[in-house]
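Descriptive structure summary
One-letter residues, chain by chain:
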Amino acid sequence: MLSFLFNVLILPILRFFVNAFALKLAVGVVSKPEVENQYGTAVTLSALLSLLGLAFTFIPLVGGLLHMIAWVIVVRMVYGMSLTRSVGVGVLQWGVGFLLMWGLKLIGIGAIA
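Residues numbered from 1 in each chain as written. Predicted model: local features only at pLDDT ≥ 70, side-chain atom pairs only at ≥ 80, totals over all residues. Heavy atoms only, no water.

1. Describing the overall build of the chain
Assigned secondary structure in the chain consists of 4 helices and 0 strands. Taken over the C-alpha trace, the chain has a radius of gyration of 15 Å; the compact-globule value for 113 residues is 13 Å, and the two agree within 12%. Here the C-alpha coordinates of the chain stretch approximately 45 × 35 × 20 Å along the principal axes. For the chain, the residues scored as buried account for 30% of the 113 residues in total. Counting only carbon and sulfur atoms, one obtains 76% of the accessible surface of the chain, whose full area is about 7,300 Å². (Helix = DSSP H or I, 4+ residues; strand = E, 2+ residues; numbered from the N terminus. Rg over C-alpha atoms; globule rule 2.2 N^0.38 Å. Buried < 20%, exposed > 50% of the residue type's maximum accessible area, 1.4 Å probe, protein only. Areas by Shrake-Rupley, 256 points an atom, 1.4 Å probe, with all protein chains shown as cover.)

Below, the structure is given as structure tokens:
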């Protein structure tokens, strides 16, 4: 029962904050120094992008592609980046998020999904 509650309640919240942290790190690496890169902005942006992803889940066949396009557009608008930098942020966010979740899995917290 405790394992079920952890996997259903705590793990998604942990993944959300890991993704927000990965976004902040990725923007810090890829963007210019004058870009406003706050953790609060990354959390808000992650929430917005998660809701967009949920909405695009219900569109068959092209939902994933639309989510990627919307993700790049939103990141470009919020951080004022070029197309290549925003795509670079996406790739780095995925990589950092994967490594962080993998590291949590190694110490016995959660699962990679």
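2. Some words on the packing of aromatic side chains
Enumeration over the complete set of coordinates arrives at 2 aromatic pairs. Their ring planes at 75° and their centres at 5.1 Å tell us that Phe-16 and Phe-17 sit as a pair that is edge-to-face. Relative to Phe-98, the ring of Trp-94 has its centre 5.7 Å away and its plane inclined at 15°; by these criteria the two rings are stacked. Of the two residues, Trp-94 and Phe-98 both sit in helix H4 (residues 83–106), 4 residues apart, roughly one turn of that helix. For Trp-94, a relative accessible area of 63% corresponds to the exposed category. On the basis of relative accessibility, which here comes to 37%, the residue Phe-98 falls in the partly exposed class. (Phe/Tyr/Trp six-rings, centres within 6.5 Å; stacked < 30°, edge-to-face > 60°.)

3. Quick look at the packing of helix H3 (residues 63–79) against H4
Between H3 and H4, whose axes approach to 9 Å, the crossing angle comes to 115°. By the angle between their directions, the pair H3 and H4 is classed as roughly perpendicular. Here H3 runs over H4; the crossing is right-handed. Contact residues: H3 offers Trp-71, Val-72, Val-75 and Arg-76, while H4 offers Leu-83, Ser-86, Val-87, Val-89, Gly-90 and Gln-93. Taken together, the residues of the contact of H3 with H4 sort by class into 6 nonpolar, 3 polar and 1 charged. (Axes fitted to C-alpha atoms, helices over the stretch in contact; angles between N-to-C directions. Parallel < 35°, antiparallel > 145°, perpendicular 65-115°, else oblique. Left-handed = near helix turned anticlockwise from the far one by under 90°. Contact = heavy atoms within 4.5 Å. Nonpolar A, V, L, I, M, F, W, Y, C, P; charged D, E, K, R; others polar.)

4. Description of the environment of Val-89
Position of Val-89 among the secondary structure elements: in helix H4. Residues Val-89 and Val-27, 62 residues apart in the sequence, show an inter-C-alpha distance of 5.8 Å. With residues near it in sequence (within four places) discarded, Val-89 still touches Leu-23, Ala-26, Val-27, Val-30, Trp-71, Val-75 and Met-81.

5. Remarks on the packing of helix H2 (residues 39–57) against H3
Axis separation between H2 and H3 bottoms out at 9 Å; the angle between their running directions is 155°. Our classification of the angle between H2 and H3 gives roughly antiparallel. Seen along the crossing, H2 lies across H3 with a hand that is right-handed. Counted together, Thr-41, Ala-42, Leu-45, Leu-48, Leu-49, Leu-52, Gly-53 and Phe-56 of H2 and Gly-63, Leu-66, His-67, Ala-70, Trp-71, Val-74, Val-75, Val-78 and Tyr-79 of H3 form the full contact between these two elements.

6. A look at unusual backbone geometry
The backbone of Leu-61 sits at a positive phi, close to 70°, despite the residue not being glycine. Among the structural elements, Leu-61 can be located in the loop between H2 and H3. Classification of Leu-61 as exposed rests on a relative accessible area of 90%.

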